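Here are the chains, one letter per residue:
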Amino acid sequence: MVSEGGNFCEKSKRNFGKIPPRPSVEVVWTWLADVPDPEIPVVSVVDMGIVRAVDWDDDTLKVTVTPTYSGCPATSVIAMDIETALRDRGIANVALKTQIAPPWTTDWLSDAAHDKLRAYGIAPPSPAGGPTACPHCGSANVSRVSQFGSTPCKAQWRCESCLEPFDFFKCI
Amino acid sequence: MSGNTNASLFEFLLRQGDNTLVLGQRLSEWCGHGPVLEEDIALANIALDLVGQTQLWLALACEVEGTGRSADDLAMLRDVWDFRNLLLVEQPNRDFGMTILRQFLFDQWHLLQLHALAESSEDRVAAIATKAEREVRYHVERSSEAVIALGDGTEESHGRMQGALDRLTPYIGEMFEADAVDAALVRDGVAPEPARLKPAYDSAVAAVLSEATLSMPSVPVAQTGGRSGKRHTEHLGHMLTQMQWLQRAYPGAEW
Ligand SMILES: [Zn+2]
């Protein structure tokens, strides 16, 4: 009993004395790359280009995020998800900053995001202003149903070959 | 910044935020009642953009005012006489044609104004305008297409669109009127002279109306008083009783 108690004291003393290492911003970026977008969960908040910066300010981790559309309801959920993910990794002080300039653009979607969107059935944004191909069958014979869709960032299109409807990620 | 300049900027930001708030609320009244699913979704999305822009404008208004009020306080705790929106945006939805035409007349002006504000000497104004302009480009495209489709559509749709235009044209003039607030903002390079936007507005609107086979009636006197706060139409008060009922019934209630 006595020796066990002694061991316990020594262990806890060791733990108290040790300052947990502050993860590098590179490591934090990899953690954030695991936080899914709440509305399109196949892409992460990093793939979406929503996370603009990660910096340490003393012992506070500052994460700068940018909203996609002004009224996108996912914005507050994204902020909460980022904060939760970082706290789960043991970061006690997280400060989220919203930045609207420069404004978010679909140009910030990563190349990986384009592939993931297509695989998920969403045509990725394209400079032409419309999808180049149906994400289901690859046909170029597509037509627009509506410039507005299920979320602020998407338009509704239809494939004239396989007749399936699909979402198109609008360029902004 | 002098107190006077701050007061003008605050007033300007209320005008910006109240336009998008009131129109966003009007559009959201359609949610679940649109003539077809795609239109219902489009109106809800545009309402969402406008309410999102409202949060940015009114949050900045609060920052400039510096008394600790929040954007929610401004939206939910003011009464009719403190709103600074254009009379156009508070006009009731009536039928779908009237809603689309009101949107078209506003969108065309909104895009031109935001485009000019993107060059504002006030960085925070320029940032919001730059962001909003990208969203509003889609609004203009859609409302213009819809005005053409309905104006140059059936006899019934044409008649309703012309009726809507006759009814709403008197509210166009207010977008280009100026007062001491505008003069202060123009002097400081914060916002453009409202009248400066008129030639581009007139030609953009005329081009769409001509394709829509609609004719702009001549209006001897513009209806004004919304942006100055002197006199709103009776419709705004009715709208606020819906929008603010929860805060009126349960003051201070939170989620
Ligand atoms: Zn297809």
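Please read all numbers here as calculations on a predicted model, not as lab measurements.

Trainee: Tell me what's going on with the sheet that holds strand β4 (residues 122-123) of chain A, and back it up with residues and numbers.
Mentor: Residue and element names in this part refer to chain A. Ordered by their spatial adjacency, four strands build an open sheet running β4-β7-β6-β5, and the pairing between neighbours is mixed. Strands with a single pairing partner mark the edges of an open sheet, and in this sheet they are β4 and β5 (142-146). With five bridges joining them, strand β6 (residues 154-159) and strand β7 (residues 165-169) adopt antiparallel strand pairing. Residue pairing for β7: Trp157 is matched across the bridge by Phe166.

Trainee: Describe the packing of helix α5 (residues 96-117) of chain B against helix α7 (residues 155-168) of chain B, listing the residues and the values that go with them.
Mentor: All names here are of chain B. Two elements in contact, α5 and α7, have axes separated by 9 Å at closest approach and are oriented at 50°. Compared by their axis directions, α5 and α7 come out oblique. The handedness of the crossing between α5 and α7 comes out as right-handed. In this structure, α5 contributes Gly97, Met98, Ile100, Leu101, Arg102 and Leu105 to the contact, and α7 contributes Met161, Ala164, Leu165, Arg167 and Leu168. In the contact of α5 with α7, the residues fall into eight nonpolar, one polar and two charged.

Trainee: Outline the nonpolar core, supporting the account with residue identities and numerical values.
Mentor: The biggest cluster of nonpolar side chains holds 108 residues, and the ones touching the most others in it are Ile82 and Leu86 of chain A together with Val147 of chain B. Leave out the neighbours within four places in its chain, and Ile82 of chain A touches Leu32, Val35, Val45, Val51, Val63, Val65 and Leu96 of chain A. One finds Ala123, Ala155, Trp157 and Phe168 of chain A within the second-largest nonpolar core, a separate group that totals eight residues.

Trainee: Provide a residue-level description of the coordination of the zinc ion, including the pertinent values.
Mentor: Residues and elements named next belong to chain A. Protein ligation of the zinc ion involves Cys134 (SG), Cys137 (SG), Cys159 (SG) and Cys162 (SG), the donor distances falling in the range 2.3 to 2.4 Å. Taken together, the four donor atoms coordinating the zinc ion span angles of 103 to 114° at the metal, a pattern that classifies the geometry as tetrahedral. Every donor residue of the zinc ion comes from the same chain, spaced as C-x2-C-x21-C-x2-C. Overall, Cys159 belongs to the buried group, its relative accessible area being 0%.

Trainee: I'd like to hear about the domain arrangement of chain A, residue by residue, with values.
Mentor: One frequently used descriptor of interface size is the decrease in accessible area upon assembly of the parts. Residues and elements named next belong to chain A. Taken domain by domain, chain A consists of domain 1 (8-106) and domain 2 (121-169). Put simply, the middle of domain 1 and the middle of domain 2, counted by C-alpha atoms, are 32 Å apart. On the side of domain 2, seven residues touch domain 1, which itself brings eight residues to the contact. Surface buried jointly by domain 1 and domain 2 totals about 600 Å² across both partners, of which 85% is contributed by carbon and sulfur atoms. Looking at the side of domain 1 facing domain 2, the largest losses of area belong to Ile40, Tyr69 and Thr106, adding up to 61% of the total buried there. Between domain 1 and domain 2 we count zero salt bridges in total. Inspection of the region where domain 1 meets domain 2 yields zero residue pairs in polar contact (both at pLDDT 80 or more). Among the residues forming the side of domain 1 that touches domain 2, the class breakdown is six nonpolar, one polar and one charged.

Trainee: Describe the side chain of Asp107 of chain B, with residues and values.
Mentor: Residues and elements named next belong to chain B. Among the secondary structure elements, Asp107 is positioned in helix α5. No salt bridge is formed by the buried Asp107; its nearest oppositely charged neighbour, Arg142, is found at 6.5 Å. Within the structure, the side chain of Asp107 is placed 2.8 Å from the side chain of Ser143, a separation counted as a polar contact. If we skip the residues at most four places from it in the chain, Asp107 touches Val136, His139, Val140 and Ser143.

Definitions and limits used
- Note on numbering: residues in each chain are counted from 1, in written sequence order.
- Each chain is given a letter, starting from A, and each ligand a number, starting from 1, according to the order in which they appear as written.
- The predicted origin of the model limits local features to residues at a pLDDT of at least 70 and limits the giving and counting of side-chain atom pairs to 80 or more, whereas totals for whole chains, interfaces and linings rest on all residues.
- For side-chain calculations, the full set of non-hydrogen atoms in the structure is used, while hydrogens and water are omitted.
- Note: two strands are recorded as paired if DSSP finds a minimum of 2 bridges between them.
- Labels follow the DSSP assignment, with helices taken as runs of H or I lasting at least four residues and strands as runs of E lasting at least two, numbered in each case from the N terminus.
- Note on method: axes are straight lines fitted to C-alpha atoms, helices fitted across the in-contact stretch only, with angles between N-to-C directions ranging 0 to 180 degrees.
- Any angle from 65 to 115 degrees is called roughly perpendicular, while one under 35 is roughly parallel, one over 145 is roughly antiparallel, and all others are oblique.
- Each crossing gets its handedness from the near helix: less than a right angle anticlockwise from the far helix is left-handed, clockwise is right-handed.
- A contact between two residues is defined here by any heavy atoms of the two lying within 4.5 Å.
- Gly falls in the polar group here, along with every residue not listed as nonpolar (Ala, Val, Leu, Ile, Met, Phe, Trp, Tyr, Cys, Pro) or charged (Asp, Glu, Lys, Arg).
- To form a nonpolar core, buried Ala, Val, Leu, Ile, Met, Phe, Trp, Tyr and Cys residues must be joined to one another through side-chain atoms within 4.5 Å.
- Here the term buried applies to any residue with accessible area under 20% of the maximum for its type, exposed to any over 50%, and partly exposed to those in between, with areas from a 1.4 Å probe on protein chains only.
- Here the coordinating atoms are restricted to nitrogen, oxygen and sulfur within 2.8 Å of the metal centre, or 3.2 Å for Na, K and Ca, and because water is not among them the sites may look incomplete.
- Square planar and octahedral assignments, for four and six donors respectively, both demand that opposite donors be over 155 degrees apart and that all other angles lie between 65 and 115; tetrahedral needs four donors with all angles between 85 and 135 degrees, and anything else is irregular.
- Note that the domain bounds reflect an automated or database-derived domain assignment.
- Summed over both partners, the accessible surface that disappears when two parts come together, traced with a 1.4 Å probe, is what is meant by buried area.
- Here, a salt bridge means any Lys or Arg side-chain nitrogen found within 4 Å of an Asp or Glu carboxyl oxygen.
- Pairing of N or O atoms within 3.5 Å defines a polar contact, subject to two protein rules: one partner must be a possible hydrogen donor and the other a possible acceptor, and residues neighboring in sequence count only if both atoms are side-chain atoms.
- In this charge count, Lys and Arg are treated as positive and Asp and Glu as negative; neither His nor the chain ends contribute.

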